[in-house]
Every structure is written in C-alpha cells, then in structure tokens.
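Descriptive analysis of the structure
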Amino acid sequence: MVRKSLGWSAAEWAEFRMWACCSSVWLFLFLCTRILLHMDWFRLCLYFSPGFVTMAWAPLQRDRSGWRLVTFMAILFMVYWSTIQCFPVQCRHAWGLRMVTDKGFYESDDAIEKALVMERNNFYVVGEVQDLSHTVFYPPTKSYKLTGNKDLGAESGQEFKVLLDPAKNWINTTHDRARVGKWVSPLTGGLSLDFLLLRAYCNLHRENDNTVHVYPLKAFGLNPNTLNATAPCPYWSCVMTEANPNGKLPFLIVLALMGTMNYLHYRLNCLPNNAFQTWFGAGKCRMWWAWFWAALLPLWTAMFIKTTFDMELTAFIQLQIDGLQAWYLDFTDTNNSQGQFHQILLVAVWVVAMGAGYYYRVAIIRELGLDQVWCGDTMNFGPGAEHPEDHNTFQVCVWRVDVACGGGGDGQARALARDGVEERQDSRTLAVPRGLSWPISAGIAELGRYIPMLEKSNDGHTLKTPDGSVPSLSVRLLYGGEEIHSTRVVKPTSSEWRNKGSIYFQENFRMNIDWQPRQTLRIEVRDAKGRTTLASINMDEGSLLHEFDTAKKVGKEMGFHTVPVTQVVRMLEQPPQNDAEDRRQVRQLQELGFSSHRLQGGGAIWLAFSEIATNHSSGMPMLCCE
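Residues numbered from 1 in each chain as written. Predicted model: local features only at pLDDT ≥ 70, side-chain atom pairs only at ≥ 80, totals over all residues. Heavy atoms only, no water.

**Considering the overall build of the chain**
When helices and strands are counted, the chain shows 21 helices and ten strands. Within the chain, buried positions represent 40% of all 626 residues. In the chain, the proportion of contacts linking residues at least 24 apart, taken out of those at least 6 apart, comes to 71%. Of the roughly 35400 Å² of accessible surface on the chain, 59% is carried by carbon and sulfur atoms. (Helix = DSSP H or I, 4+ residues; strand = E, 2+ residues; numbered from the N terminus. Buried < 20%, exposed > 50% of the residue type's maximum accessible area, 1.4 Å probe, protein only. Contact = heavy atoms within 4.5 Å. Areas by Shrake-Rupley, 256 points an atom, 1.4 Å probe, with all protein chains shown as cover.)

**A word on the state of the cysteines**
Tallied over the entire structure, the rule returns two disulfides. Sulfur-sulfur distance for the disulfide between Cys91 and Cys233 comes to 2.1 Å. Between Cys91 and Cys233, the S-S dihedral sits near -70°, and the bridge is therefore left-handed. Taken together, the residues Cys91 in helix H4 (residues 66-101) and Cys233 in the loop between strand E2 (231-232) and helix H9 (235-239) connect sequence positions 142 residues apart. Disulfide pairing is shown between Cys202 and Cys238; the S-S distance is 2.1 Å. For the disulfide bridge between Cys202 and Cys238, the dihedral angle about the S-S bond is near 65°, and by the sign convention the bridge is right-handed. You can see Cys202 sitting in helix H8 (residues 193-204) and its partner Cys238 sitting in helix H9, a full 36 residues away along the chain. Each of the two residues, Cys202 as well as Cys238, counts as buried. (Disulfide = S-S within 2.5 Å.)

**Some thoughts on the pairing of strand E8 (residues 532-539)**
As defined by bridge partners, strand E7 (residues 521-527) adjoins E8 across seven bridges and the pair is classed as antiparallel. Bridging across to E8, Leu521 finds its partner in Met539. Counting the residues between successive antiparallel strands, the hairpin from E7 to E8 contains four residues, one of them, Arg531, with a positive phi of roughly 55°. (Pairing = 2+ DSSP bridges.)

**Examining the sheet that holds E8**
Judged by pairing direction, the sheet is antiparallel, and its four strands sit side by side in the order E5-E4-E7-E8 without closing on themselves. Strands with a single pairing partner mark the edges of an open sheet, and in this sheet they are strand E5 (482-486) and E8. The mean angle between the axes of side-by-side strands here comes to 30°, regardless of whether they run parallel or antiparallel. (Axes fitted to C-alpha atoms, helices over the stretch in contact; angles between N-to-C directions.)

**Re the packing of helix H3 (residues 41-57) against H4**
To describe two helices that pack against each other, one gives the angle between their axes and the distance between the axes. Contact pair H3 / H4: the axes reach a minimum separation of 13 Å and the direction vectors enclose 160°. Here H3 lies roughly antiparallel to H4, going by the angle between them. The interaxial crossing formed by H3 with H4 has right-handed handedness. Along the contact surface, H3 presents Phe42, Leu46, Ser49, Pro50, Val53 and Trp57, while H4 presents Arg68, Phe72, Leu76, Tyr80, Thr83, Phe87 and Pro88. (Parallel < 35°, antiparallel > 145°, perpendicular 65-115°, else oblique. Left-handed = near helix turned anticlockwise from the far one by under 90°.)

**Here's the deal with helix H20 (residues 563-571)**
Residues separated by three or four positions in an α-helix point in the same direction, a consequence of the helix having 3.6 residues per turn. Among the nine residues that make up H20, seven are buried, leaving the element largely enclosed by the rest of the structure. Along H20, the residues that are buried comprise Val563, Pro564, Val565, Thr566, Gln567, Val568 and Met571. In this structure, the buried side of H20 is in contact with strand E3 (393-402), strand E6 (502-512), helix H19 (541-558), helix H21 (579-591) and strand E10 (604-611).

**Description of the environment of Leu296**
On the secondary structure map, Leu296 appears in helix H12 (residues 288-306). In this structure Leu296 comes out as buried when scored by relative accessible area, which is 8%. Between the C-alpha atoms of Leu296 and Phe77, which are 219 residues apart in sequence, the distance is 9.5 Å. Apart from the residues lying within four places of it in its own chain, the contact partners of Leu296 are Pro50, Val254 and Met258.

**Here we look at the side chain of Gln90**
With respect to the element layout, Gln90 can be found in helix H4. Excluding residues that lie within four positions of it along the chain, Gln90 makes contacts with Gln85, Val214, Tyr215, Pro216, Lys218 and Ala219.

**Some words on the nonpolar core**
Counting residues in hydrophobic clusters, the biggest one holds 58 residues, and the most contacted among them are Phe87, Trp95 and Phe105. At 13 residues, H4 tops the list of elements feeding residues into this core. For Phe105, the contacting residues outside a window of four places in its chain are Met99, Ala111, Ile112, Ala115, Leu197, Tyr201 and Leu204. Within the second largest apolar cluster, 33 residues are counted, among which are Leu521, Leu545, Ile605 and Phe609. (Core = buried A, V, L, I, M, F, W, Y, C linked by side-chain atoms within 4.5 Å.)

**A word on the pattern of salt bridges**
Going through the model one piece at a time under the given rule, you end up with ten salt bridges. Among the ionic pairs, Lys552 bridges to Glu611, the shortest N-O distance being 3.7 Å. Residue Lys552 is located in helix H19, and its partner Glu611 is located in strand E10; the two are separated by 59 residues in the primary sequence. Overlapping salt bridges, with partners in common, bring together Arg476, Glu483, Arg522 and Glu524 in one network. (Salt bridge = Lys/Arg side-chain N within 4 Å of Asp/Glu carboxyl O.)

**As for the packing of aromatic side chains**
As enumerated under the stated definition, the model contains 26 aromatic pairs in all. Centre to centre, the rings of Trp26 and Phe292 are 5.8 Å apart; their planes meet at 80°, and the pair counts as edge-to-face. Of this pair, Trp26 sits in helix H2 (residues 10-37) while Phe292 sits in helix H12, and the two are 266 residues apart along the sequence. Seen from their ring centres, Trp289 and Phe292 are 5.4 Å apart, and the 80° between their planes marks the pair as edge-to-face. Placement of the pair is Trp289 and Phe292 together in helix H12, with a separation of three residues, close to one helical turn. Residue classification places Trp289 among the buried residues on the basis of a relative accessible area of 8%. In this structure Phe292 comes out as buried when scored by relative accessible area, which is 5%. (Phe/Tyr/Trp six-rings, centres within 6.5 Å; stacked < 30°, edge-to-face > 60°.)

Next comes the structure, spelled out in structure tokens:
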C-alpha cells in the first residue's frame, strides 16, 4: 500500500527496505555505545559520522565516477580535519596552558608526584591489592585498596624519575636506560614526561565544574570579538589528540572490523528463505559500501595523523616533502654507494612489480574471480533513481566463442584451422603431414575424430564435450530459468575445434526483460547435438549496468552514429583471415564495448550490451536479427 502510494517499483521498495534495515542497525550501535560506554555526544557523533553520511548521501548518487568519489573523500577529510583542529586540539592546548600557569601544581613536586601516581594506577596496579592477590581477573565494581609498599614504589612514583634523572648509579649504561624507558613508555608515550603530566593534571580536574573554555571558530579565522562563541573542554578533549607514535592497534582494529563487515555483507546469503538478502541486501556487492569507505577513510586518516604528529596540516605536508627531498639526496649521493645501491634496488623492484601487475592485470583479475564481480548501483530510491528496471530494453551482440579462454588459440593454430589441417597436440595425437593429397589428409583428419582419448586432458580453460567429439554449438540467453533467445546452430570444423580456434555466430538480439530481484541473465553455450550445456556465464544487474555504462562512454565519443547500430555493423564484418586482421578486428570491437567473458566450464564468449531507447522518435532503429 505504501509502495503504491509513493509510486515506487518493487526494486526501489526493496532498496528502501535495505536502507532502513542497515540504518536501523547503525542507529542501534550508536545508542548502545552511548548507553554502555557513557560516551559524550561529540566523540560519539564524530566516530559514527561515516555511517550517517552514507545514509544521507549514498541513496542520492547515480554517478559511479571515481573522480566524484575522490573529490568526496577530499572534502570530507578537510571537514574532519577542521573539526578536530577547532575543538579537541584547541582544548588540549588550553589544558596545557592552564597546567603550566597553575603554580600550585606545576611548581609543587608533591602535587605532581601525587597526580602521577594516581594516573599510573590507571595503567598498572603496583603494590599489594587486598583480597585480590590470588585472582587474575576480578569484577571492576569490586573495591580495592593499594598498600603503601615503598619497596614497590606504589606511592613514591619512583619510576617517573627514571627519565628525569639519568645519573642514577643503578642505571649503568645507555642500553639499561633505554630498557627502563620502555617499561615507562606506556605511561609517557615514549616521548616526554610532560605527556603524562598533562594527562594527570586533566585527570585531577575531570570532575571540576570550573573547566577551561575555547573559541572553536577561531580556527576558521573568526575573532572572538566578532563572534563570541565558546565551548567547554571536558577531560577527554585533553587526551583525544595526544600525539603518540605507539598504540595504533585501535586504528588497525577499525579497518579490520569494517572490512569484515563488508565481506560478510557481500558473502552472507545462506540464511533460510533469503531473509538476510531480503532485509539487508546481502549476498552481493553493494555500491553504497564504496561511499561508506569514502567517508570512513578521511576520518581515519585525520585521526591517525593528529594522534601521531602534533602539528598543523601544512607542517605535516612540509615534513613529508622534506622526507622525500632527503630520500632523493641520499639516492643521488655518490659517496654512499652501498645505500645508493639499496635504494636503486628497491625502486627497481617496485617498478618491476607495478609494471608486471599492470601488464597482467586482466589475468590477475580473472584468476581472482573479480571479472564477474561488480558493485551494482544500489540503495537508490525515489523519483529519478537509476535501477535495472530502467534498462529493461537493450541489445545483446554475440560475436564469437573462443574454444580456449584467452582468445581463440595461438596464431599457428588459427592458421592450421583455416587451412583445414590438424595441429599435432602431443606425440600420441595423429598428425597430418604436409604435402599429402586431399583424400588422404581428409581421411586422417576424420580418423582423429574417433580417438578423443588420445588428446590432452582439459586444463580448465578450454571448451570441450564429454566424449571429445566435435559439437554443434548454439548460444542460449535465459532469464529466470526461461529461454529468451537462442542463436542458430554452428558446427565448427574438426580443425577449428581441435586447434582451439574461434567459432563465429555474429548475431544480435533485442532483449525486453521485466527485472526480478536476485535473478540473473544466464548465457549458455550448448551442444545442440548432445543437448547438453558445455559452459555458461551468469550476469546480474550490477554487471549489466557496468556494460551499459561502457556503451554510454562509447556513445559520447561516436557523435552521430548510435552505439547499437555501430556494434552490429562492425560485428557483421567478415571474420579475420590472419593474425594481423584478428588483432585489428578485436581492437575495433573492444573500442565499441565488446569484451571477452570467461565461461564457467571453459572457453570464452565475446559479447556487447547497449541500451535501446524506447522513444520511437529517436530515428535510428536497431538492426536486429531475431
């Protein structure tokens, strides 16, 4: 009832349901964190803001441009950096200024020692603990009392004098001092005792109502005389941006946790009745995860920098530039030949690795199974949103089927296939010597059809029949288990089949499909003689949207001619007669949106997809051979 009143389609309503369920889970975690951890609203909203930004922003996005995503990340980084800079950073500076001007604390050794011991007890329980000496874990609500054991330094704060008094006779060497410093470094951050001193001072005043205040808008250049807006600085603002190069495990945990959630949402499709898929849209890659990571990574980066380096953004950038300049000077320093050799070797390894990765990128993506994974443009609902239902009329071009995945075998095999001569696969396969008369060569080739057991075993990338005979191939297009279209039957020659050549179909179809949730377009390569499916490929709506986008990009560069017509015209050209023509024709068709799709079962099929305008006034009908 609600869906019909809003005028939404079934797909739009399903995506709204997914958005509402995922948003409810995020809000539930938000409230649980507030109630259980008693976290303040500023940090709570800041840490959960990537989810809120995704809720508000991702449903409105139709463009999957990478530059749009990068621009979004850059803007959010500046927003997060400015937010952290204008409040927590200013609060830490204000607390530090108050500490050094508090003579009753900063100039009193007894007050400092008492505050340090109190802060130390938040890290370690040093001394005897009454009634708890024999337990490893105990409830945090049970009270305990430290005894004043001077030998253990429970009340003396002796360990804090290690870094301040290096002349102690029991610290004999620099190595001993470094080791003792590591014991104390969890308290001080390994940098200075002032870090712990400021934290201890803030801890002493965490319950005081008379706290420091700052002008947050001063970071944006607004003078307090112009806009008098102040904000109080609680205890957590004193330690939130404490620069400490150690203790970065929480940052790694956040990335690991969000990555695990992303993977589980993508893979979790095993619940009964598809409950998780129905309510949370699980079981497939969702485009809104890209926007979530685009919102999370700027916050993660800003917090990582501010908690590692106590400096402004410009100073941090200058530090990185100076580091690169120092590296370049070391790289070009002829006096340091050994270091120069190591740097040259490192650069060479990186260049070779990146070059190899780029050169074999298609093979790597295919081997990892990522060639059939595409994040559909989902979580878009409401008027004007883009859905697979908007593309229910489109054209499919079937150019050819490659028996061997990777492109129709090698050049010699295609040449032998065109000449009608069998290529010798191994020492056991019958070979046809050159120069024999036609009846003899044809008889040997025909004899080879009856000894399939002598051929090589399938390598998993080659199309083959169960009995090894030459099939009669056809390509079927099915949706929801129902056959929509089928090509004519093409019987390859014995040489084309055994030499792993290419079988050309050169047909196109007009598809008019009513999209259904979780249904895929299935393309099968069948043996019409044996009525068996040799290989197949499944394409979901996300994969088809990717193909439609490719055709759109081609159309922007073509000018007057429409993409569907041009795809058909180029596809119907005569098949190549040599390797040079084959490479030229493949390149031309790839520029028009054709691509080779790896088949499950061996081989590959060349397809092209393009949208068909339903407006009959477009003037350019599609060439369709049904």
